[in-house]
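Examination of the molecular architecture
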Amino acid sequence: MEQNNKFNLVEYHFRSQHEVVVSYKGPFDKDAMNMIGNYIRGLISMNPQASKKVFKVFIELAQNIAQYSAEKNIIGEYVGAGVGSLVIVDYPEYYQVVTGNLIDNEDLGPVIDKCELINTLDKEGLRKLKREQLKQNDYERTGADIGLIQLAITSDNPLDIEVKPIDQKCSFFTIRVKINK
Amino acid sequence: MQNLEIKGSHGDYDVPTVSFNAETGVCELKGESYLEKTAEFYDRLLAWLDEYMAGGKPITFNFRLSYFNTSSSKRILYILLKLKEYEDNGGQVATNWYYDEDDTDMEEEVEDFRIISNLEINAIPDSSLRWE
């Protein structure tokens, strides 16, 4: 029915309760990143240390989506930035930055292993692992692994990951990063 | 040899400001670094350093970065390794890293760079690098 095709914006707006400060779904291109990045910068005066961490976590997660999401923003023949979802939640005790994107099933294993390894390490262990990764002189790697380690260092919390299988080719990968206030 | 000057941008996929002086040997990297094309950007800086170092003159490198992402950190390390190599081959090198003293994350990053590169890096608190 025609009526069922109406998107309920009111429900969408209020379903995400007041603690959701940013929600975005779409391509993580330059414009989107600037807009969201500048918005987070605007929060900085209220809690400089935590907000700066939120900004850093946002940049790493967003650049991961832009580069590695299995879903791309396709305009005609042009393959643009990766597509994903982002929500930043403002809880009384902490911020939570949540992102999700499609990932090829064949890439999933290494990412999960990496996150699990990261979650077994304390701050010093993470810094040591990061130094080892940085030292590897592989010029072509863009450093997504270091990005994950840095997320854990910056946030001082474990990486909370979740995988929802979609089909034989892809899964939806969610990562939640908590930043204490 | 030409100086290398790149005007950075802020609030628009931030590119750091580069000021490399071929006369004085004072090189500065300032601002925030989270670019779209990190490798291309830093390759230009590294190529300039190679050319400058071929002349055998002293070099002072000042980092004044208030933020850099992880893909930039790899390239920054290449600069530090290059400075270390120059020093090991007899070049005169001074490396200063200015940072906001409330930014303990940055302080640790500098410490990690020092451990990896074995380069002496002077960490210097500078409140002008504070985020506001």
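Residues numbered from 1 in each chain as written. Chains lettered and ligands numbered in written order. Predicted model: local features only at pLDDT ≥ 70, side-chain atom pairs only at ≥ 80, totals over all residues. Heavy atoms only, no water.

What follows covers the overall build of chain B. Scanning chain B from terminus to terminus reveals 3 helices and 6 strands. Going from the N terminus to the C terminus, chain B shows its helices and strands as β-β-β-α-β-α-β-α-β. Its C-alpha atoms give chain B a radius of gyration of 14 Å, near enough to 14 Å, the size a compact globule of 132 residues would have. Each principal axis of the C-alpha atoms in chain B carries an extent, and together these give about 40 × 30 × 25 Å. A buried classification covers 55% of the 132 residues belonging to chain B. Within chain B, counting contacts between residues at least 6 apart in sequence, those at least 24 apart form 65% of the total. Of the roughly 5900 Å² of accessible surface on chain B, 42% is carried by carbon and sulfur atoms. (Helix = DSSP H or I, 4+ residues; strand = E, 2+ residues; numbered from the N terminus. Rg over C-alpha atoms; globule rule 2.2 N^0.38 Å. Buried < 20%, exposed > 50% of the residue type's maximum accessible area, 1.4 Å probe, protein only. Contact = heavy atoms within 4.5 Å. Areas by Shrake-Rupley, 256 points an atom, 1.4 Å probe, with all protein chains shown as cover.)

Listed by partner, the interface residues are 32 residues for chain B and 32 residues for chain A. Contact between chain B and chain A buries roughly 3000 Å² in total, counting both sides, with carbon and sulfur atoms accounting for 47%. Counting across the chain B and chain A interface gives 10 salt bridges. With its nearest N and O atoms 3.1 Å apart, the salt bridge here joins Arg-127 of chain A to Asp-112 of chain B. Linking chain B with chain A are 18 residue pairs in polar contact (both at pLDDT 80 or more). (Buried area = accessible area lost by both parts, 1.4 Å probe. Salt bridge = Lys/Arg side-chain N within 4 Å of Asp/Glu carboxyl O. Polar contact = N/O pair within 3.5 Å; in protein donor to acceptor, adjacent residues only side chain to side chain.)

What follows is about the packing of aromatic side chains. One pass over the structure, following the stated rule, counts 14 aromatic pairs over all chains. Considering the side-chain rings of Tyr-24 of chain A and Phe-28 of chain A, the 5.3 Å spacing of their centres and the 85° angle between planes classify their relative orientation as edge-to-face. The same class applies to Tyr-24 of chain A and to Phe-28 of chain A, which are both buried. With 5.4 Å between their ring centres and 75° between their planes, Phe-20 of chain B and Phe-61 of chain B make a pair best called edge-to-face. Note that Phe-20 of chain B is positioned in strand E2 (residues 17–20) and Phe-61 of chain B in strand E4 (residues 59–68), a separation of 41 residues in sequence. By relative accessible area, which is 0% here, Phe-61 of chain B ends up buried. Among the aromatic side chains, those forming a connected cluster through ring pairs are Phe-20, Trp-48, Tyr-52, Phe-61, Phe-63, Phe-68, Trp-97 and Phe-113 of chain B. Stacked on the ring of Tyr-94 of chain A, the Lys or Arg Lys-178 of chain A has its end atom at 4.5 Å from the ring centre. Seen from the ring of Tyr-95 of chain A, Lys-181 of chain A lies directly overhead, with NZ or CZ sitting 4.8 Å from the centre. (Phe/Tyr/Trp six-rings, centres within 6.5 Å; stacked < 30°, edge-to-face > 60°. Lys NZ or Arg CZ within 6 Å of the ring centre and 35° of its normal.)

It is worth spelling out the packing of helix H5 (residues 123–135) of chain A against helix H2 (residues 70–88) of chain B at this point. Two elements in contact, H5 of chain A and H2 of chain B, have axes separated by 10 Å at closest approach and are oriented at 65°. Classified by the angle their axes make, H5 of chain A and H2 of chain B are roughly perpendicular. Handedness of the crossing formed by H5 of chain A with H2 of chain B: right-handed. In contact with Gln-133, Leu-134 and Lys-135 of chain A of H5 of chain A, H2 of chain B contributes Ser-73, Lys-74 and Leu-77 of chain B. Of the residues contributing to the contact of H5 of chain A with H2 of chain B, the split by class is 2 nonpolar, 2 polar and 2 charged. (Axes fitted to C-alpha atoms, helices over the stretch in contact; angles between N-to-C directions. Parallel < 35°, antiparallel > 145°, perpendicular 65-115°, else oblique. Left-handed = near helix turned anticlockwise from the far one by under 90°. Nonpolar A, V, L, I, M, F, W, Y, C, P; charged D, E, K, R; others polar.)

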